[in-house]
Amino acid sequence: EAAVTQSPRNKVAVTGGKVTLSCNQTNNHNNMYWYRQDTGHGLRLIHYSYGAGSTEKGDIPDGYKASRPSQENFSLILELATPSQTSVYFCASGEGGQSGNTLYFGEGSRLIVV
Amino acid sequence: GQQVQQSPASLVLQEGENAELQCNFSTSLNSMQWFYQRPGGSLVSLFYNPSGTKHSGRLTSTTVIKERRSSLHISSSQTTDSGTYLCALPLNNNAGAKLTFGGGTRLTVRP
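Along each chain, numbering runs from 1 in the same order as the chain's sequence is written. Here the convention is simple: chains get letters from A, ligands get numbers from 1, in the order in which they are written. With pLDDT at 70 or above as the cut-off, local features in this predicted model cover only qualifying residues; side-chain atom pairs require 80 or more to be listed or tallied, and sums for whole chains, interfaces and linings still use all residues. In computing side-chain values, all of the structure's heavy atoms are included and hydrogens and water are not.

Draft legend 1. Broad picture of the sheet that holds strand 1 (residues 4–7) of chain B. All names here are of chain B. Here, strands pair whenever DSSP counts at least two bridges between them. Secondary structure elements follow DSSP: runs of H or I no shorter than four residues count as helices, runs of E no shorter than two count as strands, and numbering proceeds from the N terminus. Strand order in the open sheet formed by five strands is 1-3-8-7-6, with antiparallel pairing between adjacent strands. Both edges of this open sheet fall to strand 1 and strand 6 (52–56), since each of them pairs with a single strand only. Averaged over all adjacent pairs, the angle separating strand axes in this sheet is 15°, with direction ignored. Two strands pair when backbone bridges link them, and strand 7 (residues 59–64) and strand 8 (residues 69–74) are joined in this way by six bridges, in the antiparallel orientation. Within the sheet, the bridge partner assigned to Leu-59 lies in strand 8 and is Ile-74. Comment: axis = line fitted to C-alpha atoms, over the contacting stretch for helices; angle = value between 0 and 180 degrees taken between N-to-C directions.

Draft legend 2. Geometry of the pairing of strand 9 (residues 83–90) of chain B. Residue and element names in this part refer to chain B. Along strand 9, eight of the eight residues are buried, which leaves the element largely enclosed by surrounding structure. Sheet topology places strand 4 (residues 33–37) next to strand 9; five bridges connect them, and they run antiparallel. Its bridge partner lying in strand 9, Trp-34 is registered against Cys-87. Bridge count between strand 9 and strand 11 (residues 105–110): three bridges; the pairing is antiparallel. Residue pairing for strand 11: Gly-83 is matched across the bridge by Leu-107. Pairing of strand 9 with strand 10 (residues 99–101) involves three bridges; the strand directions are antiparallel. Following the sheet pairing, Leu-89 is matched in strand 10 by Thr-100. Partly exposed residues are those whose accessible area sits between 20% and 50% of the maximum for their type, while under 20% is buried and over 50% is exposed, using a 1.4 Å probe and protein chains only.

Draft legend 3. Main features of unusual backbone geometry. In this structure, the amide linkage connecting Ser-7 of chain A to the following residue, Pro-8 of chain A, adopts the cis form with an omega of -5°. On the secondary structure map, Pro-8 of chain A appears in the loop between strand 1 (4–7) and strand 2 (10–13). Put simply, Ser-7 of chain B and Pro-8 of chain B share a cis peptide bond, and its omega is -10°. Position of Pro-8 of chain B among the secondary structure elements: in the loop between strand 1 and strand 2 (10–14). Positive phi is not limited to glycine here, since Asn-28 of chain A has a value of about 60°. Relative to the helices and strands, Asn-28 of chain A resides in the loop between strand 3 (19–25) and strand 4 (31–38). You will see that Arg-68 of chain B, though not glycine, has its phi angle at about 55°, which is positive. Here Arg-68 of chain B lies in the loop between strand 7 and strand 8. Owing to a relative accessible area of 36%, Arg-68 of chain B belongs among the partly exposed residues under this scheme.

Draft legend 4. Seen up close, the sheet that holds strand 8 (residues 73–78) of chain A. All names here are of chain A. Across the sheet, which stays open at both edges, the four strands sit in the order 1-3-8-7 with antiparallel pairing between neighbours. Since the sheet does not close on itself, it has two edges, and those belong to strand 1 and strand 7 (65–67), each with one partner. Each strand axis lies, on average, 20° off the axis of its neighbour in the sheet, ignoring direction. As defined by bridge partners, strand 3 adjoins strand 8 across six bridges and the pair is classed as antiparallel. Note that in strand 8 the partner of Cys-23 across the bridge is Phe-74.

Draft legend 5. Region of interest: the pattern of salt bridges. Residues and elements named next belong to chain A. Any carboxyl oxygen of Asp or Glu that lies within 4 Å of a side-chain nitrogen of Lys or Arg is treated as forming a salt bridge with it. By the definition in use, this model includes six salt bridges over all chains. The partner of Arg-36 in a salt bridge is Asp-38, with the nearest N and O atoms 2.8 Å apart. Both residues of the pair, Arg-36 and Asp-38, belong to the buried class. Linked by salt bridges that have partners in common, Arg-36, Asp-38 and Arg-44 make up one network.

Here it is, written out as structure tokens:
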């Protein structure tokens, strides 16, 4: 069973502060993703990665950076956090390939920006 | 318009009743997936079902690519089935990497 672990699980940040959400996966998947989930918008893709050293923009990348220093780790960085970034963030990993890219999700990180 | 649409948005059942959840999409790519999200929790993959019918316990998924739709049937619902059901698929030919999710169907099963 793939394991995807996110930290922190809960975070309160101040407007203008820097926030780093971390994700670690232990199943050696190539692809990793960061989504945010908001009422009325569902799950939206922020950034994703095909492997160590690669990051790609998703559908809503503005205000976010991503870093993939290794196969196992994928971070989401909010350099200047704003209240509109208050949300639940999910990390996921997947094997990749059009034959079936089943995603395995972490438990989510709840971020409140005040 | 929304490229992955799910219906109904919410559904309330009595325990033992069946449910039919629908997902309609704008692409002909065949990589449909269904996920379950427990209340306040993470998502778990239920089916990878690019076409045809698949079964898993009380769950059945049917995808008809030509009609650009997929359904998830839950038989003999239980209170533990409560949660949100999401469909997802890649909307561009990007090796299936970039999944777009529907808005979900929130299911409540009452005892």
